[in-house]
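# Residue-level structure breakdown
Chain residues, written in single-letter form:
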Amino acid sequence: MIQIRTVLKVLDNSGPKTARCIGILGPPKKFATVGDKIVVTAEGKVYHGIVACCKVEKKRPDGSFVRIDQNGVILVDSSGKPVGNRVFGVLSSRVKQPEILSLGRVKTM
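Within each chain, residue numbers correspond to sequence positions counted from 1 in written order. Residues qualify for local features only when their pLDDT is at least 70, as the model is predicted, and side-chain atom pairs are given and counted only at 80 or more; totals for whole chains, interfaces and linings, by contrast, use all residues. Here the side-chain values reflect all heavy atoms present in the structure, with hydrogen atoms and water set aside.

In the nomenclature of an unreviewed UniProt entry, the chain is known as 50S ribosomal protein L14 of Galdieria yellowstonensis. Its UniProt record gives the chain a comment under Sequence similarities (unreviewed entry), which states: "Belongs to the universal ribosomal protein uL14 family." UniProt positions are given in the numbering used here, feature names are shortened, and annotations may be inferred rather than shown by experiment.

Right, dumping it as structure tokens:
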């Protein structure tokens, strides 16, 4: 769960390595989870981003847990297209849905 002032790792090759959350877009809520749009600042500039992974463990239907060791964000422009052209790291299937992030010609590794 991402809240305001959380430091996130940028998972694409857009330039910045880390970003700090300064706002959560959408209906008013305290935390953002995987797939939510947030406003971040990195290297003195303001970007929009989509939360790609969280440290909070998720329970699967089979009873197992999935935990990732970092909070990650993908930087996007105002229309929802990624700023970088390559995404590194683990992506949830929820983030890969076209209504959340239009990957198009973006390479995932």
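### Some words on the pairing of strand E4 (residues 45-53)
Note: two strands are recorded as paired if DSSP finds a minimum of 2 bridges between them. Numbered from the N terminus, helices here are DSSP runs of H or I no shorter than four residues, and strands are runs of E no shorter than two. In the sheet, strand E3 (residues 37-42) pairs with E4 via six bridges, with the strands oriented antiparallel. Residue Val-39 lies in a different strand from E4, and its bridge partner there is His-48. Between the antiparallel neighbours E3 and E4 lie two residues, among them Glu-43 with a positive phi of about 55 degrees. Pairing geometry for E4 and strand E7 (residues 72-76), over five bridges, is antiparallel. Each bridged residue has a counterpart across the sheet, and for Ile-50 the counterpart in E7 is Ile-74.

### Here we look at the pairing of strand E2 (residues 18-24)
Here strand E1 (residues 7-10) pairs with E2 via three bridges, running antiparallel. Note that in E2 the partner of Lys-9 across the bridge is Thr-18. Sheet topology places E2 next to E3; four bridges connect them, and they run antiparallel. In the sheet register, Arg-20 faces E3, and the bridge partner there is Thr-41.

### Regarding the pattern of salt bridges
One speaks of a salt bridge when a side-chain nitrogen belonging to Lys or Arg is within 4 Å of a carboxyl oxygen belonging to Asp or Glu. As enumerated under the stated definition, the model contains two salt bridges in all. For Lys-29, the salt bridge is made with Asp-36, and the minimal N-O distance between the two is 3.0 Å. The classification of residues rests on relative accessible area computed with a 1.4 Å probe and restricted to protein chains. Under 20% of the type maximum is buried, over 50% is exposed, and intermediate values are partly exposed. Lys-29 sits in the partly exposed class, given a relative accessible area of 41%. For Arg-67, the salt bridge identified is with Glu-57, shortest N-O distance 2.3 Å. On the criterion of sequence distance, the pair formed by Arg-67 in the loop between strand E6 (65-66) and E7 and Glu-57 in the loop between E4 and strand E5 (58-59) is long-range, its members being 10 residues apart. Since its relative accessible area comes to 35%, Glu-57 is described here as partly exposed.

### Some details on a nonpolar patch on the surface
The patches reported here contain residues having more than 30% relative accessible area and no salt bridge. Joining distances are 9 Å for like charges and 5 Å for nonpolar side chains (Val, Leu, Ile, Met, Phe, Trp, Tyr). Computed with a 1.4 Å probe, the accessible areas rest on the Shrake-Rupley method; for each residue, only the protein chains presented here act as cover. A cluster of nonpolar side chains, namely Met-1, Phe-31 and Val-56, defines an oily patch on the protein surface of about 250 Å² accessible area. Inspection of the secondary structure puts Met-1 in the segment before E1.

### Looking at the side chain of Asp-36
Checked against the element boundaries, Asp-36 lands in the loop between E2 and E3. Any pair of N or O atoms that falls within 3.5 Å is considered a polar contact. Within protein, one atom must be able to donate a hydrogen and the other to accept it, and sequence-neighbouring residues count only if both atoms are side-chain atoms. Here Thr-33 takes part through its backbone nitrogen, which lies 2.8 Å from a polar atom of the side chain of Asp-36.

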